[in-house]
Amino acid sequence: MRGEFLDLDGARVYYYAAGSRGSGEPVVLLHGFPTCGHLWADVVPLLPAGHRVVVVDLLGFGRSDRPGTHPVTLRAHAERTLALLDALGINYACVAGHDTGGGVAQLLAVRWPHRVSRLALVDSVAYDCWPTREVKLARAMLPLTRHLPPGLLLSILRRDLARGYDDATRGTRSIEKFLRSFAGDEGRDAFMGHLRALDAAETTALAPALRTLVQPTAIVWGANDPFLPVKLGRRLAADIPGAALDVVEGAGHFTPEEAPTRVAAALTQLLAR
């Protein structure tokens, strides 16, 4: 396993590669808001041999640069992901996305279908069913929240993220990793930039095209997801032709962490289709 930074239009994006090159297409794993590539750490070792696995820290998260003036919309993340694939010499890949990373994956599959061989959506944003009520409230209060002391903001985020785990104690270490990007005044400002960029209009515009997708698709959902309820996964499964749905009991929103074996099994089955 190796990690490195790539300069994509003046911003450094971090990724790490695992697995081994073989006859199988590469697998690209995209996290959501406000996490990082660490989300997939327990899934990666369980994926089948013969596939190059690329785990990305989207711009503004994890080890990647803070956004600065670079946009962090789903479209912008998708375009940077394509640039990363170009830099790595990957023509097409199985793309899996969690949360807003699932929105990025949908956008890639719809707008650049020749680059996405298979699609996996794990507790993904979709349609007009996001952001959550809490995020909408925080955004409405941006004139006030953007002045919050960074420590207080992190405390609020810590409590909210913990709700996404069916067993909150399991997420303690991961939450601390996720929040490192938002420490200090610059981190707080970066977080506010991400908050402003969350826009359901992007996935709403994709909705009609979901019925035309031809990529084999797997959908995995935590049965107890408090942010994006399982009915959203069922709607995606009904709209995407041939999509397989796996609802995981005992998992909340962060299914790749709480049920890595189930997520890896779904990806393994997807790669065999």
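Above: the structure in question.
Residues numbered from 1 in each chain as written. Predicted model: local features only at pLDDT ≥ 70, side-chain atom pairs only at ≥ 80, totals over all residues. Heavy atoms only, no water.

J.: Which residues make up the overall build of the chain, and what are the values?
T.: Tallying secondary structure elements over the chain gives 11 helices and eight strands in all. In summary, the chain has a C-alpha radius of gyration of 17 Å against a globular reference of 19 Å for 273 residues, a match within 12%. Counting only residues that meet the buried cut, the chain has 58% of its 273 residues in that class. In the chain, 76% of the contacts between residues at least 6 apart in sequence involve partners at least 24 apart. (Helix = DSSP H or I, 4+ residues; strand = E, 2+ residues; numbered from the N terminus. Rg over C-alpha atoms; globule rule 2.2 N^0.38 Å. Buried < 20%, exposed > 50% of the residue type's maximum accessible area, 1.4 Å probe, protein only. Contact = heavy atoms within 4.5 Å.)

J.: I'd love a proper account of the packing of helix α1 (residues 74–87) against helix α2 (residues 100–111), names of residues and values included.
T.: A packed helix pair is summarised by two numbers, namely the angle formed by the two axes and the spacing between the axes. Where α1 contacts α2, the axes come no closer than 9 Å and their chain directions differ by 65 degrees. Accordingly, the angle class assigned to the pair α1 and α2 is roughly perpendicular. Our pair here, α1 against α2, has a crossing hand that is right-handed. When α1 is examined against α2, the residues L74, R75, H77, A78, T81 and L82 are found in contact with a partner set consisting of T100, G103, V104, L107, L108 and R111. (Axes fitted to C-alpha atoms, helices over the stretch in contact; angles between N-to-C directions. Parallel < 35°, antiparallel > 145°, perpendicular 65-115°, else oblique. Left-handed = near helix turned anticlockwise from the far one by under 90°.)

J.: Pulling in residues and values, what's your account of the packing of aromatic side chains?
T.: Per the stated rule, a full pass over the model turns up seven aromatic pairs. Ring geometry for F61 against F182: centres 6.2 Å apart, planes inclined by 85 degrees, an arrangement best described as edge-to-face. Of the two residues, F61 sits in the loop between β4 (52–57) and α1 while F182 sits in the loop between α6 (172–179) and α7 (184–197), which places them 121 residues apart along the sequence. Overall, the relative accessible area of 3% leaves F61 in the buried class. These aromatic residues form a ring-pair network of at least three members: F33, F61, F182 and F191. (Phe/Tyr/Trp six-rings, centres within 6.5 Å; stacked < 30°, edge-to-face > 60°.)

J.: Could you give me a rundown of the sheet that holds strand β7 (residues 217–222), with the residues and numbers involved?
T.: Pairing is mixed in the open sheet, where eight strands are placed in the order β1-β2-β4-β3-β5-β6-β7-β8. Whereas interior strands pair on both sides, the edge strands pair on one side only; in this sheet they are β1 (2–8) and β8 (244–248). Taken over all neighbouring pairs, the strand axes of this sheet differ in orientation by 20 degrees on average, direction set aside. Looking at chain direction, strand β5 (residues 93–99) and strand β6 (residues 116–124) are connected through seven bridges and run parallel. (Pairing = 2+ DSSP bridges.)

J.: An account of the side chain of S174 is needed here, citing residue identities and associated values.
T.: As for its placement among the helices and strands, S174 is situated in helix α6. Judged by relative accessible area, which is 5%, S174 ranks as buried. With near-sequence residues (within four places) excluded, S174 lies in contact with H38, Y165 and E257.

J.: Give a detailed account of the pattern of salt bridges, specifying residues and quantitative values.
T.: Across all of its chains, the model carries 11 salt bridges by this definition. With a closest N to O distance of 3.4 Å, D189 and R188 form a salt bridge. Two residues, R262 and D246, come together in a salt bridge whose shortest N-O distance is 2.6 Å. Of this pair, R262 sits in helix α11 (residues 260–272) while D246 is found in strand β8, placing the two residues 16 residues apart along the sequence. The exposure class of R262 is partly exposed, given its relative accessible area of 36%. One continuous salt-bridge network, built from bridges that share partners, spans D185, R188 and D189. (Salt bridge = Lys/Arg side-chain N within 4 Å of Asp/Glu carboxyl O.)

J.: Tell me about the nonpolar core, and name the residues and values.
T.: Within soluble globular proteins, side chains that are nonpolar tend to cluster in buried spots. With 98 residues, the main nonpolar core has L29, W40, L84, L108, L236 and L267 as its most contacted residues. Per-element accounting of this core gives the leading share, seven residues, to strand β2 (residues 11–19). The contact partners of L236, leaving out residues within four places of it in the chain, are Q106, L121, A126, Y127, L210, I219 and W221. (Core = buried A, V, L, I, M, F, W, Y, C linked by side-chain atoms within 4.5 Å.)

J.: Break down unusual backbone geometry for me, citing the residues and quoting the values.
T.: Put simply, F33 and P34 share a cis peptide bond, and its omega is -5 degrees. Summarising the element assignment, P34 is placed in the loop between β3 (27–30) and β4. Even without being a glycine, D99 presents a positive backbone phi close to 60 degrees. If you trace the backbone, D99 turns up in strand β5. Of note in this structure, D123 is not a glycine but carries a positive phi near 45 degrees.

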